[in-house]
Amino acid sequence: LLNGQGVAADPAQAAVLFRAAAEQSYAPAQLNLGMLLLRGTGVKRDPAEALKWLSLAAEQGLAGGQHNLGVFHAGQSGAAANFAEAAKWFRLAANQGFVASQTNLALMLASGQGVASDLVEADKWLIIAAAAGDRQAAQMRSSLERKMTREQVVRAQERAAAWRPGASMGGH
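A brief report on the enclosed structure follows. Keep in mind the model is a prediction, meaning the values are calculated, not measured.

Criteria and cut-off values
Residues numbered from 1 in each chain as written. Predicted model: local features only at pLDDT ≥ 70, side-chain atom pairs only at ≥ 80, totals over all residues. Heavy atoms only, no water. Helix = DSSP H or I, 4+ residues; strand = E, 2+ residues; numbered from the N terminus. Buried < 20%, exposed > 50% of the residue type's maximum accessible area, 1.4 Å probe, protein only. Contact = heavy atoms within 4.5 Å. Areas by Shrake-Rupley, 256 points an atom, 1.4 Å probe, with all protein chains shown as cover. Lys, Arg positive; Asp, Glu negative; His and termini not counted. Charge placed at Lys NZ, Arg CZ, Asp CG, Glu CD. Axes fitted to C-alpha atoms, helices over the stretch in contact; angles between N-to-C directions. Parallel < 35°, antiparallel > 145°, perpendicular 65-115°, else oblique. Left-handed = near helix turned anticlockwise from the far one by under 90°. Nonpolar A, V, L, I, M, F, W, Y, C, P; charged D, E, K, R; others polar. Salt bridge = Lys/Arg side-chain N within 4 Å of Asp/Glu carboxyl O.

It is worth spelling out the overall build of the protein at this point. The number of helices and strands found in the protein is 9 helices and 0 strands. Traced from its N-terminal end to its C-terminal end, the protein shows the element sequence α-α-α-α-α-α-α-α-α. Counting only C-alpha atoms, the protein reaches 55 × 35 × 25 Å along its principal axes. Within the protein, the fraction of its 172 residues that count as buried is 40%. Within the protein, contacts between residues separated by at least 24 positions form 48% of all contacts whose residues are at least 6 apart in sequence. Accessible surface, the protein: about 8500 Å² in total, of which carbon and sulfur atoms supply 52%. Counting 16 positive and 13 negative side-chain charges, the protein places the centres of these two groups 3 Å from one another.

Below you can see the structure in the form of structure tokens.
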């Protein structure tokens with residue numbers, strides 16, 4: 001219903017159905033409802049209610065929910081930025097293999113935005129995201145590595161090689 005695949009598009013009806021499923025704690029529906037509320041698609045735009053549903057999806061461990069909650073807290077949704085909170089959610093999604101969160105976390109680590117600056121950890125995430133096909137990460141990586149020592153680059157490569165989705169919810 002949302003995109004009209006096989007039926008006429010009806011975002012308002014999609015929102016009703018997403019809400020019914022979201023109220024039953026179905027994380028993908030919570031994410032979808034949160035995004036509709038954030039964009040005002042089929043419903044009145046309501047960033048505060050969007051935050052509620054995105055948070056519920058993220059807290060259930062849904063990587064897409066974690067990523068979009070990170071985007072919300074990074075201020076990209078029009079809300080006041082809380083970069084430490086954004087980094088927390090990007091890290092959780094990155095650890096699950098969510099490529100956009102890996103790149104966003106790397107940017108935050110490289111600049112020290114919301115987290116302590118850590119070029120080695122930033123490069124690790126860029127290596128991982130680039131290996132998953134993120135061209136922006138590959139470009140950023142070459143720029144970042146010009147600012148790093150050879151030893152730092154090797155450490156980042158070792159960390160990236162050792163990383164497995166879901167294996168570590170910590171920083172390294």
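Orientation of helix α6 (residues 99-111) relative to helix α7 (residues 119-131), taken along the N-to-C sense of each, is 155 degrees, at an axis distance of 8 Å. The orientation of α6 with respect to α7, classified from their angle, is roughly antiparallel. The crossing of α6 and α7 is left-handed. Between α6, through Val99, Gln102, Thr103, Leu105, Ala106, Leu109 and Ala110, and α7, the contact on the second element is made entirely by Leu119, Glu121, Ala122, Trp125, Leu126, Ile128 and Ala129. Considering only residue class, the contact of α6 with α7 consists of 11 nonpolar, 2 polar and 1 charged.

In the structure shown here, the tally under the stated rule is 6 salt bridges. For the salt bridge of glutamate 121 with lysine 124, the shortest nitrogen-to-oxygen distance reads 2.9 Å. Note that glutamate 121 and lysine 124 are positioned in helix α7 at a spacing of 3 residues, about one turn of the helix. Both residues of the pair, glutamate 121 and lysine 124, count as buried. Between arginine 141 and aspartate 123 there is a salt bridge, with its nearest N and O atoms 3.8 Å apart. Highlighted residues: arginine 141 in helix α8 (residues 135-145) and aspartate 123 in helix α7, separated in sequence by 18 residues. Where salt bridges share partners, they join Glu121, Lys124 and Arg159 into one cluster.

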